[in-house]
Structures are given as structure tokens and as C-alpha cells.
Amino acid sequence: MADRDPAHDEDHPKPGKSLRDRLWAREASQQFGRLRPSRSARSGLTRTQLVVLIAIPFVILTAWLEWVPGLRLVLLGSASLLFAASITLRGMALLTPAPDRPASRHASHARRPFISIIIAAYDEARILPDLLARLEKLEYPRDRVEFLLALEEGDRETISVARAYQGPLAAQVLPTPPGEPQTKPRALNYALRHARGELVGVYDAEDRPDPLQLLAAADAFEAGGPDLACVQAPLNWYNRNQNWLTRQFALEYAAHFRVMLPLYVRLGWPLPLGGTSNFFRADALRRVGAWDAHNVTEDADLGFRLHRAGYRCGLLPAVTLEEAPFRLRPWFLQRTRWIKGYIQTFAVHSRRPDNTARKPHWMGLSLTLGTAIIAALLHLPFNLYSLWLAIVRPEILLALWPFYLFTLFGYAAAVATAWLGMRRMGWTARMTDLFSMPLYWPLLTASALRALWQLAFNPYFWDKTEHGLVDED
């Protein structure tokens, strides 16, 4: 890179296999959990949280088999409240206008903030050259941006490919010394030690970001004020039309990023950030302790921590496209990690706050992560129970028609948000995909059960998603 600021270089010396770097790697793993144990997933679930979590599947099974009289009605009533909250929230989201696309402020070259872009990648030798070529297309003054590749020291193939890259993009390779847990947030923390930017951005190895994304992020921070700590770009999939599973994934993401998140911003709620295409004020990021290496949905957790520290998060208009898993097993493994991370994040932020923390946003926490966790656990049992009633006890099914009518409204609200999200993306949703969404949701239950199992026996395991399997624009 050209024209580096020597003052910054003194603060962040070039990395090498030194004692300092290994100390930084150790701190990347352990420092947040050691200094802020009440806010880290490292401390695990409390005894009460663990008992409640383990009890949920057994309570559902007990109600389904009618071992406890009246329990089924209690669960149906609770599910009705959950549906009511979800329908209300989605209805509000449907009435919330899309964020305005801000005009570029055309700041002078000298006033553009310096941006550090971090890419934490593991076993991505196949697609790394493509990523670097795509990053070269980002429109931003080249002497005001640096690219840091946080690669595991033992991943020699990816490191070799990164160092052999002959394209115009100058990226700094940071071999991260070994440590536990070996997670993406740990690698991000290590790279943050070397970052010189006023702003810090995060990309994944398979990303295809809009070329204007860095300019949009810089403009957003200039206009947003000092309390704006993060801006999130909307995400979706470049192989969305590959099969039914990828199309369902695209509907889900369109509803979340294009319809639900704008509502959360307007309500002043914390944002459960996605794992890529986030841009942070570096000072705010460091102030809250950066990423929790023990949380496997590190950015969702970080969005809530920023809110508790008095910051807010915003949205960008420029989209990043990723590669969606198109087979069931990779989808299942990825979703297991997400649900496990949601549970970790919910558990951390539902604890009693310490004296230095702002109280958690209970409504935002419950109606974003809480409903996602509960819905994932309930979808399949609810469908199986309804099918069983239809075959064995149809009179009960008919007696419960008000509940099922209410459920139908909930499904309709979910379909409407997906349709609107796709429209805001500039895409057209197939009617067959919209009306088959209820067939997609029960798949979440198997992932949720595996997430519970991993929380008990392997809480920090990172299910790696394989990339570079498709090439579709």
C-alpha cells in the first residue's frame, strides 16, 4: 500500500512470529472472557438457563403425548402469544418504509477516513484469488484503505495462495498463531491489533460486495454522528436460484435485511448483526472489547453489546452477495452454528447487568433472538402434532380452529415480509417458493436440537461452511 502514516506504523508494528504476536493471539482468544466474564459466552450458561434449555424439548414432548393434562393448552396459549408478537412486529415492518438511499457527500480525498478491511478465512485457498480480485473493484482511495488477511498459521495452503497472488491488490497476510477456541472472532481480534484504520470493515471469503460499499460506509459515518458505531450492509446469495433450498434462503435473508432490520433501526433496537459486511468505528469497537472469541455468532452478540454501551447501528444500501449452501447437510451445519450462537448471545444478554453496563433491551432481545430460538424448536413438533391430530383426533383439530386461523395469519405475515424484501432487492419471488415457506421452517428444528447438544458438550466448535462450490452470477 502507498503513503502509509508512519505514526500509525509505530503504534502497530509489522507482524512476525514473535513473542508479542503470540501474546496478541492469546489475548485474542482469552482477554474478553477474562476481563468481562459476565458478558462473554466463555462463562457458559447459568444453571437456571441450562435447566430451562434442556427442559424445553421434554416439555414439548410431554404436551404432545398428553402425559400432563392441560399442558397442551398452556403451550398453545404460549405459542399464540408468540405468534401475536411476531404478527405485530411483521405488520409494523411491512408498514415501515425502506431506508432512504443517501446521496454521496463527495468528501475530498484527504477527508476520507482510513479503513481497515479484515478478512478472516480458513481453508479458503480455492476462492481467495477471486475474493482479492473482487476487493480490487471496491471504489475507495487506495492510500486510505488496507486489507488484512487473518489466516490460521497452520493453514499453509491458503497462506501460500495469498502470498503468491499477483493481482493489483496489496493485502497484508497475518498468519494467526494457534490458540483455542479456533474461531472466526478470535482471528478478527488478532487482526484488529494490526489494524490502523479509523473504520474497520469485515468481509467473508466468498463475498461479492457492491463496489460502492466503502464509500457508502464512509458517508454514513460522516452523517451519522459519534454514537453511530456500526453500519451493516444487506446480505443475500448470488446462487439464490440454484434450487429450492437456496431460494428459501434468499427469501429469508430478504425479509430479514430489507424489511425487519429497517424496523429495528426505527424503533431504536439493537441489531443482531450478520457476520460480514459490517463497518465499525474502530474506537467504539475497541471500547466494547471487540469480538467475543467464544461466541459463534460473534457479530449478533456485538450488536447487542454496542447498544448496551450507548451506541447505535445503522444500515447501508449497498448489497453484499454470498454463496448459499445448496445441499441440506452444509445448510444444517451452518444453521446449527447460528442457532447455537443465538442461544449463547441470548443467555449472555439476559443475565443481570453489572454496574458498568446499560440494561439489556429486553423487548428487542426477546423478539429477535428469543423468537428465533423458540420458533426453531417448535416448528417441527407443531407440524407433526397437527398432522397427528388431523389423522387420529380430527375433532380436536376442529375445536382448535381459532388457534390455527391465528397461525395462518402468522404464516401470511412471514410470506408478505419475504415478498416485500425480494421486491426491495429488485428481484421477483416465485409464488411456489413463497407458499412453500412453511415446508422450509421445520428443517430448523433438527439444527436447533443439534445446537442444544453442542452447547452441552462442544459449545465453541465452529462448523466450517465450504465455499467455492458454485460459480453463478
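Because the structure is a prediction, the values reported are computed rather than measured.

Colleague: I'd like a description of the environment of Asp301, backed by residues and values.
Modeller: With respect to the secondary-structure elements, Asp301 resides in helix α11 (residues 298-308). Through-space distance from the C-alpha of Asp301 to that of Arg90 is 23 Å; in sequence the pair is 211 residues apart. Setting aside residues no more than four positions away along its own chain, Asp301 makes contact with Arg39, Asp292, Asn295, Thr345 and His349. A distance of 2.9 Å separates polar atoms of two side chains, one belonging to Asp301 and the other to His349.

Colleague: Can you break down the packing of α11 against helix α12 (residues 328-349) residue by residue, with the values?
Modeller: To characterise two packed helices, one gives the angle between the axes of the helices and the distance between these axes. Where α11 contacts α12, the two axes come as close as 9 Å, and the packing angle between them is 20°. One way to sum up the angle between α11 and α12 is to call them roughly parallel. At the point where α11 passes α12, the crossing takes the right-handed sense. Counting all contacts with α11, which are made through Ala300, Asp301, Phe304, Arg305 and Arg308, the residues of α12 involved are Tyr342, Thr345, Val348 and His349.

Colleague: How would you explain empty space enclosed by the protein if you had to name every residue and give the values?
Modeller: Under the definition given, this model contains two cavities of 30 Å³ or more. In terms of lining, the largest cavity is formed by Glu323, Ala324, Pro325, Phe326, Arg327, Pro330, Thr465, Glu466 and Leu469. Of the residues contributing to the lining of the largest cavity, the split by class is five nonpolar, one polar and three charged. Its volume calculated, the second largest cavity comes out at about 40 Å³. Along the walls of the second largest cavity sit Pro270, Phe304, His307, Arg308, His349, Pro360, His361 and Leu365, which together make up its complete lining. In terms of residue count, α11 provides more of the lining of the second largest cavity than any other element does, three residues in total. Counted by class, the lining of the second largest cavity contains four nonpolar, three polar and one charged residues.

Conventions and cut-offs
- Residues numbered from 1 in each chain as written.
- Predicted model: local features only at pLDDT ≥ 70, side-chain atom pairs only at ≥ 80, totals over all residues.
- Heavy atoms only, no water.
- Helix = DSSP H or I, 4+ residues; strand = E, 2+ residues; numbered from the N terminus.
- Contact = heavy atoms within 4.5 Å.
- Polar contact = N/O pair within 3.5 Å; in protein donor to acceptor, adjacent residues only side chain to side chain.
- Axes fitted to C-alpha atoms, helices over the stretch in contact; angles between N-to-C directions.
- Parallel < 35°, antiparallel > 145°, perpendicular 65-115°, else oblique.
- Left-handed = near helix turned anticlockwise from the far one by under 90°.
- 1 Å grid on protein atoms, 1.4 Å probe; cavity = no way out; pocket = protein on both sides within 12 Å on 5 of 7 lines; lining within 4 Å.
- Points joined across faces, edges and corners; volume = space filled by probe spheres on them.
- Nonpolar A, V, L, I, M, F, W, Y, C, P; charged D, E, K, R; others polar.

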